Amino acid sequence: MSDGVSGTVHVETIGPAVMLLEIDNPPMNPLGVRMREIFMAALDQVELNDDLRCLIVTGRGRSFCAGDDLKNAGPQGEDLAGFGRLLDRLEATRVPVVAAVNGWCVGGGFELALCCDIRIASTEAKFVCAGVNVGLMASTYRLPRLIGVSRAKAMLLTGSPHDAAMAEHYGLVTGLHAPHALLAAAIVLAERIASRAPLSVEASKRTANRAPDLSPEDANAMLGQELRVLRKSNDHKAAVAAFRERRDPVFTRS
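A. Region of the structure containing the packing of helix α8 (residues 198-210) against helix α9 (residues 216-231). Between α8 and α9, whose axes approach to 11 Å, the crossing angle comes to 175 degrees. In terms of orientation, α8 lies roughly antiparallel with respect to α9. Here Leu199, Ser200, Ala203, Arg206, Thr207 and Arg210 of α8 come into contact with α9, specifically with Met222, Glu226 and Leu230. In terms of residue class, the contact of α8 with α9 is made up of four nonpolar, two polar and three charged.

B. Layout of the sheet that holds strand β9 (residues 162-163). The four strands lie next to each other as β4-β6-β8-β9, forming an open sheet whose pairing is mixed. Each end of this open sheet is capped by a strand with a single partner; those strands are β4 (63-65) and β9. Here β4 runs beside strand β6 (residues 104-106); their pairing, made up of two bridges, is parallel. Its bridge partner lying in β6, cysteine 65 is registered against cysteine 105.

C. Representation of the pairing of strand β1 (residues 8-14) in the model. Alignment of β1 against strand β2 (residues 18-24), held across seven bridges, turns out to be antiparallel. Within β2, the position partnered with threonine 8 by the bridge is aspartate 24. Here β1 folds back onto β2 in antiparallel fashion, the turn holding three residues, of which glycine 15 has a positive phi close to 70 degrees.

D. Main features of the sheet that holds strand β7 (residues 118-122). Strand order in the open sheet formed by six strands is β1-β2-β3-β5-β7-β10, with mixed pairing between adjacent strands. In this open sheet, the two edge strands, each paired with only one partner strand, are β1 and β10 (176-177). Relative to the sheet, helix α7 (residues 182-194) contacts β1, β2, β3 (54-59), β5 (97-101), β7 and β10, its axis offset from that of β7 by approximately 160 degrees.

E. Inspection of the nonpolar core at higher detail. In terms of nonpolar packing, the biggest core is built from 45 residues, with Phe39, Leu55, Phe127, Leu143 and Leu172 touching the most fellow members. With six residues, the top contributor of residues to this core is helix α1 (residues 33-48). Within the second largest apolar cluster, 17 residues are counted, among which are Leu20, Ile193, Ala194 and Val201.

F. Spatial organisation of the state of the cysteines. Scanning all chains against the criterion turns up zero disulfides. Left unpaired, cysteine 116 is separated from the closest cysteine sulfur, that of cysteine 115, by 7.0 Å. By relative accessible area, which is 4% here, cysteine 116 ends up buried. Take cysteine 129: it sits in no disulfide, and the sulfur closest to it among the cysteines is that of cysteine 105, at 9.0 Å. Judged by relative accessible area, which is 4%, cysteine 129 ranks as buried.

G. Region of the structure containing α1. Its 16 residues place the ends of α1 23 Å apart at the C-alpha level, agreeing with the 22 Å of an ideal helix rising 1.5 Å per residue. By the burial criterion, the buried members of α1 are Met35, Arg36, Ile38, Phe39, Ala42, Leu43 and Val46. Burial along α1 is one-sided: seen end-on, the buried residues are contained in an arc of 160 degrees.

H. Region of the structure containing unusual backbone geometry. Of the consecutive residues proline 26 and proline 27, the connecting peptide bond is found in the cis state with omega at 5 degrees. Topologically, proline 27 is positioned in the loop between β2 and α1. Of note, asparagine 29 is a non-glycine position whose phi angle comes to about 60 degrees, a positive value. Tracing the chain through its elements places asparagine 29 in the loop between β2 and α1. Overall, asparagine 29 belongs to the buried group, its relative accessible area being 0%. Positive phi is not limited to glycine here, since arginine 246 has a value of about 55 degrees. Structurally, the position occupied by arginine 246 is in the segment after α10 (234-244).

What counts, and at which threshold
- Residues numbered from 1 in each chain as written.
- Predicted model: local features only at pLDDT ≥ 70, side-chain atom pairs only at ≥ 80, totals over all residues.
- Heavy atoms only, no water.
- Axes fitted to C-alpha atoms, helices over the stretch in contact; angles between N-to-C directions.
- Helix = DSSP H or I, 4+ residues; strand = E, 2+ residues; numbered from the N terminus.
- Parallel < 35°, antiparallel > 145°, perpendicular 65-115°, else oblique.
- Contact = heavy atoms within 4.5 Å.
- Nonpolar A, V, L, I, M, F, W, Y, C, P; charged D, E, K, R; others polar.
- Pairing = 2+ DSSP bridges.
- Core = buried A, V, L, I, M, F, W, Y, C linked by side-chain atoms within 4.5 Å.
- Buried < 20%, exposed > 50% of the residue type's maximum accessible area, 1.4 Å probe, protein only.
- Disulfide = S-S within 2.5 Å.
- Expected span 1.5 Å × (residues − 1).
- Arc of directions from axis to C-beta.

Quick look at the structure:
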């Protein structure tokens, strides 16, 4: 399964609950049409695996992702819509998604990282809102919501590279790691998430995603609805029993 000559997305299961997706289309890891098909197929695996509790997305080599493959792009409207479908699918994935940004994170690849729930980065990572550099635009919705309008405009309107330290300062990423330690840090984070009550984690992701758009009244109503379901879950009962017995709970996503 390849895009062009050698591109693919490597899928690795790390233990029973964590999956790793590595974008491998050197040198910049673009996601052209065929690469997006492979990525979508990997997300199908995620949705069909009830035991899976966290997903890690990263790139191989010197780039995280460079977005769409502009060299092989078809009709622009069709191509941009196809890339948008991938972004929406990743953002809506049931399980939390950790982006381990290993290098250049450019254009649509930057947007791909924004669609993940948590981002950590290599100290050598670079972030570029490249839309204005190629006569397009991207990240104008997700980025201001994440880091604020003023900082977002500094990235969106200049198209300049921003280093990992600035990304952390902006709150774009939540941690920096030496290049050789990045993947291990992502796995530790993903395994921690995977060890928590799965239904609770999924509900927390859903409510956090919607929170910025809701009034306090609507947010409380949504929270109440989610909590009514969680209180009846076997995982909640298991956690209460484990607390009383001073042991670690065993969660079954039920």
